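# Working through the structure, step by step
Chain residues, written in single-letter form:
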Amino acid sequence: MIRFFTAGESHGPGLTIIVEGVPAGLALSEDYIAVHLGRRQKGYGRGGRMLIEQDRARIMSGVRHGRTLGSPIGMSIENKDWVNWLEAMAIEYVENPSQEGRNARVTRIRPGHADLPGTMKYGFDDVRNSLERASARETAARVAAGAVAMALLEEFGISLHSHVISIGPVSASPVDNSTDSIDWDAVEESPVRCADSEAATRMMAEIDSAKEAGDTVGGTVEIVADNVPIGLGSHVHWDRKIDGLISQALMSINAVKAVSIGPGWDIIDKRGSQVHDIIEPVTDLDRPWQRKTNRAGGTEGGMTDGMPLVARFAIKPIATLRNALPSVDLDTGEPVLAHFERSDVCQVPPAGVIGEAMVALVLANAFMEKFGGDSIPETRRNYEGYMKTVGPRRVFQ
Ligand code: EPS
């Protein structure tokens, strides 16, 4: 079983990550993880913080001479901004903390953030005690964990991509769910991670306009995983269904409000004949069970069906607004304007990289559940043995 933990506050000393369950013998390096951390840091619409941070995960355990050991992989990412928050985020007891600038208690609750429920639930009298962990800074840790999962999946030919489908009211021209029609290099080059350059220009204008108004803007992102073997997940229990696990993983990303597998809501008004994916006669025993279409988004019955896995998710506009919303004060309950501190205007482009990480972690866990093994060669034997069996029964038995 592959599982991971993250720890760390946004302006504390750093983020800590533990990934366990990765078989021994997988090639892994800090440079490989840094590529994904760097992809997450880009994106039009981010605030000043990304100019301060240059995220790099230091591997603390579980890797020797460039290969995993099968032991927990510990990683640490420094918050370069920590030096600017030494008193506000001091680990040690601070006598008479200053109430100047960023050291001041936060009491002006931001609607739409974890501020109110977090502060009530944990019994705090300073909103900073919950906002620090609720910050999307934590997603850097997820991307580091996800990079480990991706390295494992890549070992078996599975690759992940993501692209932005919409920002605010601007949508990219639709793609037909076939990965062939998406130019992934163009996505990586695009400041909003959108292959449709004309839509990308309008998306950036939408971000500029929200920024000018002191407002924020959300959008939708699609994740595609290619070459996923048929049969990951299971139909036998609700909590083993791969579509359910992917949905939970994506919904857990900060500000995500909706998830769909494949086209999701878009098929609801159609008839069955327009929705299900016709299975084509088997002509290539190395690639059996091809479909004419992939409207199911690569899952059937809670299992992967051998087609590319496609998941979409929608991100609400960030809750920290420069043109602050009316709210109330934590101490008095009287009307105030919500707290504002430096924030992003739009985090839709980096959300795709975070979504890839979460899907990679779910797929890697499902992969290990199916194929097991304590070392890559052992896992490979199990994988290859299974793949030989997935074809028309009379041809194979
Ligand atoms: C965030 C607010 C901003 C973002 C941060 C998430 O941080 P700061 O308040 O330090 O400017 O930059 O995202 C990151 C630090 C990151 O690494 O993505 C928030 O409130 O969620």
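Residues numbered from 1 in each chain as written. Predicted model: local features only at pLDDT ≥ 70, side-chain atom pairs only at ≥ 80, totals over all residues. Heavy atoms only, no water.

## Points about the sheet that holds strand β10 (residues 256-261)
Taking strand neighbours across the sheet as the criterion, the 5 strands line up as β8-β7-β9-β13-β10 in an open arrangement whose pairing is antiparallel. Edge positions in the sheet fall to β8 (170-171) and β10, since each of these pairs with one other strand and no more. Here 5 bridges tie β10 to strand β13 (residues 309-315), and the two strands are oriented antiparallel to one another. Paired with Ala 258 across the two strands is Ala 314, which belongs to β13. Lying over the sheet, helix α8 (residues 242-251) contacts β10 and β13, oriented at roughly 155° with respect to β10. (Pairing = 2+ DSSP bridges. Helix = DSSP H or I, 4+ residues; strand = E, 2+ residues; numbered from the N terminus. Contact = heavy atoms within 4.5 Å. Axes fitted to C-alpha atoms, helices over the stretch in contact; angles between N-to-C directions.)

## Re the pattern of salt bridges
A side chain of one charge can pair with a side chain of the opposite charge when the charged atoms of the two come close. Summed over the entire model, instances satisfying the criterion amount to 27 salt bridges. Across the pair Arg 49 and Asp 81 runs a salt bridge, and its minimum N-O distance is 3.5 Å. Note that Arg 49 is positioned in helix α2 (residues 49-52) and Asp 81 in the loop between β6 (73-78) and α3 (115-121), a separation of 32 residues in sequence. There is no split in this pair, since Arg 49 and Asp 81 are both buried. Connected through shared salt-bridge partners, Arg 40, Arg 49, Glu 53, Asp 55, Asp 81, Arg 137 and Arg 342 make up one network. (Salt bridge = Lys/Arg side-chain N within 4 Å of Asp/Glu carboxyl O. Buried < 20%, exposed > 50% of the residue type's maximum accessible area, 1.4 Å probe, protein only.)

## So, the environment of Ser 29
Along the chain, the position of Ser 29 falls in the loop between β2 (14-20) and α1 (30-41). Take Ser 29: its relative accessible area is 31%, and that puts it in the partly exposed class. At 3.0 Å, the side chain of Ser 29 and the backbone nitrogen of Tyr 32 are in polar contact. (Polar contact = N/O pair within 3.5 Å; in protein donor to acceptor, adjacent residues only side chain to side chain.)

## Some points on the state of the cysteines
Applying the stated criterion across every chain yields a total of 0 disulfides. For Cys 194, which is in no disulfide, the shortest distance to another cysteine sulfur is to Cys 346 and amounts to 12 Å. Residue Cys 194 is classed as buried on the basis of its relative accessible area of 3%. For Cys 346, a relative accessible area of 0% puts it in the buried group. (Disulfide = S-S within 2.5 Å.)

## Details of helix α7 (residues 197-212)
The end-to-end C-alpha distance of α7, which contains 16 residues, comes to 23 Å, matching closely the 22 Å that a straight helix rising 1.5 Å per residue would cover. For α7, every residue scored as buried is listed here: Ala 199, Ala 200, Met 203, Met 204, Ile 207 and Ala 210. One side of α7 carries all its buried residues, which in axial view fall inside an arc of 145°. Away from the buried face of α7 by more than 90 degrees, exposed residues Thr 201 and Glu 212 are located. Elements that come into contact with the buried residues of α7 comprise β7 (159-167) and β8. Capping of α7 at its N-terminal end is provided by Asp 196; its side-chain oxygen lies 3.2 Å from the backbone amide nitrogen of Glu 198. Where α7 ends, the next residue or the one after it, Gly 214, has phi of about 65°, a positive value. (Expected span 1.5 Å × (residues − 1). Arc of directions from axis to C-beta.)

## A closer look at the packing of aromatic side chains
Per the stated rule, a full pass over the model turns up 7 aromatic pairs. Aromatic pair Phe 156 and Phe 367: ring centres 4.7 Å apart, planes at 45°, arrangement tilted. You can see Phe 156 sitting in the loop between α5 (138-155) and β7 and its partner Phe 367 sitting in helix α10 (residues 348-371), a full 211 residues away along the chain. You can call Phe 156 buried: its relative accessible area is 5%. Overall, Phe 367 belongs to the buried group, its relative accessible area being 0%. Feature note: the residues Phe 156, Phe 367, Phe 371, Tyr 383 and Tyr 386 constitute an aromatic cluster, connected by ring pairs. Sitting over the ring of Tyr 122, Lys 121 keeps its end group 5.5 Å from the ring centre. Here Arg 380 stacks its cationic end above the ring of Phe 156, 5.0 Å away from the centre of that ring. (Phe/Tyr/Trp six-rings, centres within 6.5 Å; stacked < 30°, edge-to-face > 60°. Lys NZ or Arg CZ within 6 Å of the ring centre and 35° of its normal.)

## Digging into the site of the ligand
All residues adjacent to the ligand are His 11, Arg 40, Arg 46, Arg 49, Met 50, His 113, Ser 135, Ala 136, Arg 137, Glu 341, Arg 342 and Asp 344. Between the ligand and Arg 40 there is a distance of 2.6 Å, counted from an oxygen atom to a side-chain nitrogen or oxygen. Ala 136 is positioned such that a nitrogen or oxygen atom in its backbone is 2.8 Å from an oxygen atom of the ligand. The fraction of the free accessible surface of the ligand (460 Å²) that becomes covered by protein chains is 93%. Of the residues in the shell around the ligand, the class split is 2 nonpolar, 3 polar and 7 charged. (Near = heavy atom within 4 Å. Areas by Shrake-Rupley, 256 points an atom, 1.4 Å probe, with all protein chains shown as cover. Nonpolar A, V, L, I, M, F, W, Y, C, P; charged D, E, K, R; others polar.)

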